[in-house]
Amino acid sequence: MPEALKASLRALFLNRYAQFRRHLHMRLGSEDLANDALHETYLRVENMTPPSAIKYPSAYLYRIALNIAEDQRKSNARMLSVPEIEGLYELADELADPGRTLEAKNEIEALERALAELPKRRRLIVIAARVDEMPHREIAVRFGVSVRTVEKELRAGLEHCCERLGRDFIQRFGPGAGKQSKQYE
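What counts and how
Residues numbered from 1 in each chain as written. Predicted model: local features only at pLDDT ≥ 70, side-chain atom pairs only at ≥ 80, totals over all residues. Heavy atoms only, no water. Helix = DSSP H or I, 4+ residues; strand = E, 2+ residues; numbered from the N terminus. Buried < 20%, exposed > 50% of the residue type's maximum accessible area, 1.4 Å probe, protein only. Areas by Shrake-Rupley, 256 points an atom, 1.4 Å probe, with all protein chains shown as cover. Salt bridge = Lys/Arg side-chain N within 4 Å of Asp/Glu carboxyl O. Phe/Tyr/Trp six-rings, centres within 6.5 Å; stacked < 30°, edge-to-face > 60°. Core = buried A, V, L, I, M, F, W, Y, C linked by side-chain atoms within 4.5 Å. Contact = heavy atoms within 4.5 Å. pLDDT = per-residue confidence, 0-100. Disulfide = S-S within 2.5 Å.

Undergrad: I keep staring at the overall build of the protein chain and nothing clicks. Help me out?
TA: Looking only at helices and strands, the protein chain features 9 helices and 0 strands. Walking the protein chain from its N terminus toward its C terminus, one meets helices and strands in the order α-α-α-α-α-α-α-α-α. In the protein chain, which comprises 185 residues, the share counted as buried stands at 25%. Of the roughly 13000 Å² of accessible surface on the protein chain, 53% is carried by carbon and sulfur atoms.

Undergrad: How do you make sense of the pattern of salt bridges when you look at a structure like this?
TA: Note on pairing: side chains with opposite charge can pair once their charged atoms come close. Taken as a whole, this structure holds 10 salt bridges when the rule is applied. With its nearest N and O atoms 2.6 Å apart, the salt bridge here joins E117 to R164. Here E117 is found in helix α6 (residues 98-117), whereas its partner R164 is found in helix α9 (residues 147-165), with 47 residues between them in sequence. By relative accessible area, which is 44% here, E117 ends up partly exposed.

Undergrad: I would appreciate a short explanation of the packing of aromatic side chains in the present structure.
TA: The geometry of an aromatic ring pair is captured by two quantities: the separation of the ring centres and the angle between the planes. Under the definition given, this model contains 3 aromatic pairs. Ring geometry for F13 versus Y42: centroids 5.7 Å apart, planes at 40 degrees, classification tilted. Placement of F13 in helix α1 (residues 2-15) and of Y42 in helix α3 (residues 31-47) is noted, with a sequence separation of 29 residues between them. For F13, a relative accessible area of 3% gives the class buried.

Undergrad: Is there a simple way to explain the nonpolar core in this structure?
TA: Nonpolar side chains tend to gather and get buried jointly when the protein is soluble and globular. Membership of the largest hydrophobic core comes to 20 residues, with the highest contact counts inside it found for L9, L24, L28, L38 and L61. When residues in this core are grouped by element, the largest group, 6 residues, is from helix α4 (residues 57-77). Discounting residues that sit within four places of it in the chain, L24 has contacts with G29, A34, L38, Y62, A65 and L66. Among the nonpolar cores identified, the runner-up in size contains 17 residues, and A114, A129, A140 and L158 belong to it.

Undergrad: Sorry if this is basic, but what is going on with unusual backbone geometry here?
TA: Excluding glycine, a negative phi dihedral is what most residues carry, and trans is how most peptide bonds are arranged. For E133, which is not glycine, the phi dihedral falls at a positive 55 degrees. Relative to the elements of secondary structure, E133 occurs in the loop between α7 (120-131) and α8 (136-143).

Undergrad: I tried to follow the confidence of the model for the protein chain on my own but got confused; where do I start?
TA: A low pLDDT score tells you not to read the predicted coordinates there in detail. In the predicted model, the protein chain carries a mean pLDDT of 83, and the fraction of residues at 70 or more is 85%. Ranking the elements of the protein chain by mean pLDDT puts helix α5 (residues 82-95) last with 68 and α8 first with 94.

Undergrad: When you look at the state of the cysteines in this model, what are you seeing that I'm missing?
TA: Among covalent bonds in proteins, the disulfide is the one between the sulfur atoms of two cysteines. As enumerated under the stated definition, the model contains 0 disulfides in all. No disulfide involves C161; its sulfur sits 7.1 Å from that of C162, the nearest cysteine. Of the residues examined, C161 reaches a relative accessible area of 5% and is grouped as buried.

This is how it looks when you write it as structure tokens:
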């Protein structure tokens, strides 16, 4: 019986294909989505093991198509739209500006020079904290100093680098957070 039911579902689907497409197009508001859903519906009918009986076969097929369309819509909602992708391409082009690239390269070189001016331990602490993102406690253990010493060395190193780069040093954490260093105001 299931194979006979499958054959009758297939025949019904093919006979009412245009009607299903029209109803889906009106319901979904997209001819492409309706066509995709119907294509997938046909494949599901071909590969399914149908129940022993279906009371309303036309409604059954329509519901399969609607469920597929909803799944596709949810999946597509997670993807970027064409205008969003084009916007990202434009953004990438702006960021790749040769002047910006040169400016960034010069700034990195200035930072490297500023770091090279620091005493060795201070330079290594700044790199460990800001580049390697190590917690202060781990840095303290590595260098055999207190966490407070790490904080002081880090602050001194960052203030020095900010001064050399012509930037304001703003403390982000701890007492005085959010304020510019008085030394460079």
